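Listed below, chain by chain, are the residues.
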Amino acid sequence: RDITTMTSTMRGSLFSALHRATQRGPSLVSLRNGREISCSAWGQSNNQLTSQITSTRCVPRAAIINNDNTGVSRRFSSRPEKKSMLRLHAVTLKHSDYEDELDEARWDVPEEETHLDPTDRRKMEEEEEATWWLYDGTQESRDVLAAMRKEEAQKARWIKNSSPPVRVSEIDERGRAYGRGSRKSAQARVWIQPGEGEVVVNRSDFLTYFPREYHREHVLGPLVASQTCGKFDVTAVVKGGGLTGQAGAIRLGLARALEKYNPDYRPPMKRHGFLTRDARMVERKKVGRVKARKSPQWVRR
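So, how was this worked out
For every chain, the first residue of the written sequence is number 1, and numbering continues from 1 onward in sequence order. Selection of residues for local features in this predicted model requires a pLDDT of at least 70, selection of side-chain atom pairs for listing and counting requires 80 or more, and totals for whole chains, interfaces and linings are taken over all residues. Each side-chain value is derived from all of the structure's non-hydrogen atoms; neither hydrogens nor water enter the calculation. By definition, any uninterrupted DSSP run of H or I lasting at least four residues is a helix, any uninterrupted run of E lasting at least two residues is a strand, and each is numbered from the N terminus. Working definition: with a 1.4 Å probe on protein chains only, accessible area under 20% of the residue-type maximum means buried, over 50% means exposed, and in between means partly exposed. The contact definition used throughout considers only heavy atoms, calling two residues in contact when any of these lie within 4.5 Å. Methods summary: accessible areas were calculated by the Shrake-Rupley approach with a probe of 1.4 Å, and residue burial reflects only the protein chains presented. Any carboxyl oxygen of Asp or Glu that lies within 4 Å of a side-chain nitrogen of Lys or Arg is treated as forming a salt bridge with it. A pair of strands is considered paired only if DSSP assigns at least 2 bridges between the two. Each pair of aromatic rings taken from Phe, Tyr and Trp, with Trp reduced to its six-membered ring, is defined by centres within 6.5 Å and is described as stacked if the planes are under 30 degrees apart, edge-to-face if over 60, and tilted in the remaining cases. Here an axis means a line fitted to C-alpha atoms, over the contact stretch when the element is a helix, while the angle between two N-to-C directions is reported on a 0 to 180 degree scale. Nonpolar core, defined: a set of buried Ala, Val, Leu, Ile, Met, Phe, Trp, Tyr and Cys residues in which side-chain atoms within 4.5 Å join the residues together. Only four residue types enter the charge count: Lys and Arg as positive, Asp and Glu as negative, with His and the chain ends excluded. Pairing of N or O atoms within 3.5 Å defines a polar contact, subject to two protein rules: one partner must be a possible hydrogen donor and the other a possible acceptor, and residues neighboring in sequence count only if both atoms are side-chain atoms. Residues form patches when they are more than 30% accessible in relative terms and have no salt bridge. Like charges link within 9 Å. Nonpolar side chains (Val, Leu, Ile, Met, Phe, Trp, Tyr) link within 5 Å. Charge placement uses NZ in Lys and CZ in Arg. For Asp and Glu, CG and CD serve respectively.

Student: Account for the overall build of the protein, naming residues and giving values.
Tutor: A tally of regular secondary structure across the protein gives nine helices and seven strands. The buried share among the 301 residues of the protein stands at 24%. Of all intrachain contacts in the protein linking residues separated by at least 6 positions in sequence, the fraction that spans at least 24 positions is 58%. For the protein, the accessible surface area stands at approximately 23600 Å², while carbon and sulfur atoms represent 51% of it.

Student: Any details on the pattern of salt bridges? Residues and values, ideally.
Tutor: Counted according to the given criterion, the structure contains nine salt bridges. The closest approach of N and O atoms between Lys155 and Glu151, which form a salt bridge, is 3.8 Å. You can see Lys155 and its partner Glu151 sitting in helix H4 (residues 139–162), four residues apart, about one turn around the helix. Each of Arg167, Glu259 and Arg266 takes part in salt bridges that share partners, so that together they form one network.

Student: Residue-level account of the pairing of strand E4 (residues 186–194), with values.
Tutor: In this structure, strand E3 (residues 177–183) lies alongside E4, joined through seven bridges in antiparallel fashion. From the neighbouring strand, Tyr178 faces E4, where its bridge partner is Trp191. Here E3 folds back onto E4 in antiparallel fashion, the turn holding two residues, of which Lys184 has a positive phi close to 55°. Where E4 and strand E7 (residues 232–239) come together, eight bridges link them in antiparallel fashion.

Student: I'd like to hear about the packing of aromatic side chains, residue by residue, with values.
Tutor: To describe a pair of aromatic rings, you give the distance between the ring centres and the angle between the ring planes. By the definition in use, this model includes four aromatic pairs. Judged by centre distance (5.1 Å) and plane angle (75°), the rings of Tyr209 and Phe210 are edge-to-face. Three or more aromatic residues joined by ring pairs make a cluster, and in this case those are Phe206, Tyr209 and Phe210.

Student: Describe the sheet that holds E4, with residues and values.
Tutor: Strand order in the open sheet made by the five strands is E3-E4-E7-E5-E6, with mixed pairing throughout. The two strands at the open ends of the sheet, each matched to only one other strand, are E3 and strand E6 (204–205). Across the face of the sheet, helix H8 (residues 243–261) comes into contact with E3, E4, strand E5 (199–201) and E7 while running at roughly 150° to E3.

Student: How would you explain the environment of Ile192 if you had to name every residue and give the values?
Tutor: Note that Ile192 resides in strand E4. When its relative accessible area of 0% is taken as the criterion, Ile192 is described as buried. Taking the C-alpha atoms as reference points, Ile192 and Arg176, 16 residues apart in sequence, are found 5.5 Å from one another. Setting aside anything within four residues of it in sequence, one finds Ile192 in contact with Gly175, Arg176, Ala177, Phe232, Asp233, Val234, Leu254, Ala257, Leu258 and Tyr261.

Student: Please set out the nonpolar core residue by residue, giving values where relevant.
Tutor: Core analysis: the largest hydrophobic core is formed by 27 residues, its most contacted members being Ile192, Val201, Ile250, Leu258 and Met269. The element best represented in this core is H8, accounting for seven residues.

Student: Break down the side chain of Asp233 for me, citing the residues and quoting the values.
Tutor: Locating Asp233 in the fold gives a position in strand E7. For Asp233, which is buried and forms no salt bridge, the nearest opposite charge comes from Arg174, at a distance of 11 Å. A polar contact is formed between the side chain of Asp233 and the backbone nitrogen of Glu196, at a distance of 2.9 Å. In terms of polar contacts, Asp233 uses its side chain to reach the backbone amide nitrogen of Gly197, at 3.0 Å. With sequence-adjacent residues up to four places away left out, Asp233 is seen in contact with Trp191, Ile192, Gln193, Pro194, Gly195, Glu196, Gly197 and Glu198.

Student: How would you summarise a positive patch on the surface if you had to cite specific residues and measurements?
Tutor: A surface patch of positive charge is lined by Arg180, Arg189, Lys239, Arg256, Lys260 and Arg277. Relative to the helices and strands, Arg256 resides in helix H8.

Listed below in structure tokens is the structure:
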């Protein structure tokens, strides 16, 4: 059956080639297999044509002649011959198992090479040089290296966190430094600028606003600790709470403003606790008590 199919296919291609050749007028037809056949075979039977095609005595291409037997060679076209896409020979398929193998290593896609920063690459090379004696290709050595790298990263993180932050002066366009403080339910905003040591609280004189000596000393504590009394003018706006709470809020705001004006003032104020927010608040009243802790008077009879 396969031979019959191949023969019928060859006949079809032969007939189409002979038909085109008779329309153009040449005496020989060039086949796709490199052989040529005379156009005079057009009237022969199918068996004769088949035998002429498959015979090895076909006329070679170099011996092309015309119908008048003048011996003058003539080519059909100057265009190059196209390669035939038709497969005429038999293909042998071996009986085998064509299912995909479970070899996953064949299909592993290699990971793309990561482009490291030159500094990181140098650190990695130094680390490899320092730990070359430890790595031998086993899983245990990989685990040990991973633990060492994790510990070193943690140490670097601790060193970075333990280093003090870099503090710079924060002064606005008017030459002032700002600080905000709070104590109990009082909130204060404080501005300082170079001056003669004048202190104004809520647009009132300092001595008028705080009649008690204790509150005045409490507010001026950061100036005494930083040895800047009489060098800055202080302007404070405070609200909420009583005089004690307002005095504590102004002191914290003043200490933070001095730190922003000059970070060198921080150590003495920090040593005296002026930069620490006092978290003590009024304790709420309890049920069955006169106040937070006070009990009512006990009567025997």
